[in-house]
There are 2 protein chains.
Amino acid sequence: MSLAEDLYPSRIKNTPEVLPRVDEVVHSRWNAAAPISKAQTEAFERDGFLLIKDVFSGHEVATLQQEARRLQSAPPEIDFDTVITEPKSSAVRSVFKIHEQSAVFERIAADARLADIARFFLDDDVYIHQSRLNYKPGFRGEDFYWHSDFETWHVEDGMPRMRAVSMSVLLSENTTLNGPTMFVPGSHREFIACVGETPDEHYKQSLKKQEFGVPDEKIVDGLVAEQGIATPTGPAGSVVIFDCNTLHGSNSNITPYSRSNAFFVFNAVSNRLTAPFNGLAPRPDFVAARGGASKQYSVSDNFSNVA
Amino acid sequence: MSLAEDLYPSRIKNTPEVLPRVDEVVHSRWNAAAPISKAQTEAFERDGFLLIKDVFSGHEVATLQQEARRLQSAPPEIDFDTVITEPKSSAVRSVFKIHEQSAVFERIAADARLADIARFFLDDDVYIHQSRLNYKPGFRGEDFYWHSDFETWHVEDGMPRMRAVSMSVLLSENTTLNGPTMFVPGSHREFIACVGETPDEHYKQSLKKQEFGVPDEKIVDGLVAEQGIATPTGPAGSVVIFDCNTLHGSNSNITPYSRSNAFFVFNAVSNRLTAPFNGLAPRPDFVAARGGASKQYSVSDNFSNVA
């Protein structure tokens, strides 16, 4: 692993600070051949997230939901380490590495409707840095505090630059009441350096409940005062795309409506992981793919052709 | 205390059950002299709750907010027992008995815009069974699981019948995202008997986090499947009125927007408390007023005349 320059130092100082983003948000220039409209590209660049409704058909959604239920029951062929439960119960909260543990989700990750947009936004070939099935149960879904994914991926995984994009395929309707992801529009344009050091093997806890890499309350307050909070809501089959550095979180869910999505992080191949910037051992591969482990997508096909 | 007949037995059996409501919802017949419209009366009867926007003026709201901040700082003249903190921090979640500990909130409780509606709905003179200031902080406001207030007031406090009405005066804007109260419309028309027994001095925990008197998940699921979930949202100065038996709860709040309200429960004087139906010692007076302790409102005046 090379010793890359740390352009986004975090969890080093005792006081939080806001650093400028030195990377582009949309790395390509829009043109008529782009897989997404100019207005959508501009909205993503401005807000740091984008909702696209009805990307997947009812038939495709049914296939994905069935596969999600299967994985959620943690069948024996699934690596036990990749199954994460709720902090206070044994309910399954996430199953990681679904693009390698499920043929169905492998096809979805490579689907042109996702991977082409990722390649366009990042102006590079891409690979899956992380994938997971998220399940927020009804009645007892826990909240997830504000965070930038990139802050963690940089500090704990060694992702050098902001050149990764996340896509959440909604497998159930997201309403304002069942604990949907909330975004702070525009927050992706600055880097919030967090205070403190990362303890060793932090990931075992942080996948359940974040305690380090937590952005300062006053900084979040200021960003929200300026930009507000947006909650993309929509039916199953919609896709929420968001920049790796957009501040997001979710409230708990006591409604009976569970919420599930399949989550894929596309990283530019030029932005492959180096040694973690906190100097600790890297997190396991199912959380952050390293080296040649992950398939590279340069030409993708369409899930609906086979589903 | 008399031994009243237990029309709503709960926390006795090992299986939950749904019992019919034997009491009226609106105990008066609407007529042109009513302090509320016929449509509003019908909506309350049907849904078990009613939102009335802009009941209090901007000037009145400012006065109430100032007084709320003062009480929230737990000044020395406030009874320490009436101050309840969040389960995981020392942040003030509620201050009880505000109609006796604050001249400002005493006037609000007696205000015609609240007390007249209570008298009309209950067809009786009324008194304050419970009052409190609720404060759900930004960033770390905890959720509150589904419950019927009446279930607790009946079992733990000895409230014989469903002839009480709650009024929440919003002191900050309630949006869908800052953990507003969610109601199950129509749920007030049935009584969900809960399982298990109440432990002694349960109130010390239950005011923070409910663990007993919790309605069965399948029953809540069924009610929500039929009726959905409603979230009255509105600006400060609005009032949410709800029947003592309407199922309600709230999600957590990680947004920076704190949420506060002044909460008053009006009980019919004919429905004064008897011995608790669980056979245990009654909860303290600041949670459930007994006997002659509480002022009776038969003619009320208007807060705005003096504020």
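Shown above is the structure to which this text applies.
Treat the numbers as computed from the prediction; the structure is a model and nothing was measured.

Draft legend 1. Seen up close, the overall build of chain A. Broken down by element type, chain A carries 8 helices and 13 strands. Buried residues in chain A amount to 58% of all 307 residues. Counting contacts in chain A only where the partners sit at least 6 residues apart, residues at least 24 apart contribute 87% of the total. By element, 50% of the accessible surface of chain A is carried by carbon and sulfur atoms, the whole surface being about 12,200 Å².

Draft legend 2. Examining the pattern of salt bridges more closely. On inspection of all chains with the given rule, the structure shows 32 salt bridges over all chains. Note that Arg11(B) is salt-bridged to Glu151(B), the shortest N-O span being 2.7 Å. Within this pair, whereas Arg11(B) is found in the segment before strand S1 (17-20), its partner Glu151(B) is found in helix H6 (residues 149-157), the two being separated by 140 residues in sequence. Assessed through its relative accessible area of 4%, Arg11(B) is described here as buried. The class for Glu151(B) is buried, based on a relative accessible area of 1%. The closest approach of N and O atoms between Glu77(B) and Arg70(B), which form a salt bridge, is 2.7 Å. Residues joined in a network through salt bridges with shared partners are Arg11(A), Glu151(A), Glu156(A), Asp157(A) and Arg283(A).

Draft legend 3. Looking closely at the side chain of Asn134(A). Residues and elements named next belong to chain A. Along the chain, asparagine 134 turns up in strand S5 (residues 126-136). One polar contact links asparagine 134 to serine 94, side chain to side chain, over a distance of 3.0 Å. Beyond its immediate sequence surroundings of up to four residues, asparagine 134 is in contact with Arg93, Ser94, Arg259, Ser260, Asn261 and Phe263.

Draft legend 4. Representation of helix H8 (residues 217-227) of chain B within the structure. All names here are of chain B. For H8, the complete set of buried residues consists of Ile219, Val220, Leu223 and Val224. In an axial view of H8, the angular spread of the buried residues amounts to 130°, which keeps them on one side of the axis. Exposed and oriented more than 90 degrees from the buried face of H8 are Lys218, Ala225 and Glu226. Looking at the buried residues of H8, the elements they touch are S1, strand S6 (144-147) and strand S9 (190-193).

Draft legend 5. Local environment of the sheet that holds strand S6 (residues 144-147) of chain A. Residue and element names in this part refer to chain A. Here we have 3 strands laid out as an open sheet, ordered S6-S11-S8, and antiparallel in their pairing. Strand pairing shows two members of the sheet lacking a second neighbour, S6 and strand S8 (182-183), which therefore form its edges. Bridge analysis of S8 against strand S11 (residues 248-250) gives 2 bridges, and the strand direction is antiparallel. Bridging across to S11, phenylalanine 183 finds its partner in histidine 248.

Draft legend 6. Molecular detail of the packing of helix H2 (residues 58-72) of chain B against helix H4 (residues 103-110) of chain B. All names here are of chain B. Direction vectors running N to C along H2 and H4 enclose 130°, while the axes themselves pass 9 Å from each other. Viewed along their axes, H2 and H4 adopt a mutual orientation that is oblique. Crossing hand, H2 versus H4: left-handed. Judged by residue contacts, Thr63, Leu64, Glu67, Ala68 and Leu71 of H2 engage Val104, Phe105 and Ile108 from H4. Residue classes in the contact of H2 with H4 are distributed as 6 nonpolar, 1 polar and 1 charged.

Draft legend 7. Geometry of the interface of chain A and chain B. Contact residues are listed per partner, giving 26 residues for chain A and 26 residues for chain B. Among the residues of chain A in contact with chain B, Phe139(A), Leu177(A) and Ile254(A) are the three that bury the most area, contributing 31% of the side total. The tally of links between chain A and chain B comes to 2 salt bridges. Notably, a salt bridge pairs Arg140(A) with Glu217(B), separated by 3.7 Å at the nearest N-O pair. Across the chain A-chain B interface, the total number found is 11 residue pairs in polar contact (both at pLDDT 80 or more). Broken down by secondary-structure element, the contributors of at least two residues to the side of chain A that touches chain B are S6, helix H8 (217-227) and S11 of chain A. Broken down by element, the side of chain A that touches chain B gets its largest block of residues, 4 residues, from H8(A). Classifying every residue of the side of chain A that touches chain B by side-chain character gives 12 nonpolar, 9 polar and 5 charged.

Draft legend 8. A look at the relation of the copies chain A and chain B. Structural alignment of chain A on chain B gives an RMSD of 0.0 Å, achieved by rotating through 180° and translating 0.0 Å along the axis. Classification of the inter-copy transformation places it as that of a two-fold axis. Within chain A, the C-alpha atom positioned nearest to the axis of rotation is that of Ser252(A), 2.6 Å from it.

Cut-offs and rules
Residues numbered from 1 in each chain as written. Chains lettered and ligands numbered in written order. Predicted model: local features only at pLDDT ≥ 70, side-chain atom pairs only at ≥ 80, totals over all residues. Heavy atoms only, no water. Helix = DSSP H or I, 4+ residues; strand = E, 2+ residues; numbered from the N terminus. Buried < 20%, exposed > 50% of the residue type's maximum accessible area, 1.4 Å probe, protein only. Contact = heavy atoms within 4.5 Å. Areas by Shrake-Rupley, 256 points an atom, 1.4 Å probe, with all protein chains shown as cover. Salt bridge = Lys/Arg side-chain N within 4 Å of Asp/Glu carboxyl O. Polar contact = N/O pair within 3.5 Å; in protein donor to acceptor, adjacent residues only side chain to side chain. Arc of directions from axis to C-beta. Pairing = 2+ DSSP bridges. Axes fitted to C-alpha atoms, helices over the stretch in contact; angles between N-to-C directions. Parallel < 35°, antiparallel > 145°, perpendicular 65-115°, else oblique. Left-handed = near helix turned anticlockwise from the far one by under 90°. Nonpolar A, V, L, I, M, F, W, Y, C, P; charged D, E, K, R; others polar. Buried area = accessible area lost by both parts, 1.4 Å probe. Least-squares fit on C-alpha atoms with pLDDT ≥ 70 in both.

All quantities given are derived from atomic positions and should not be read as evidence of function.
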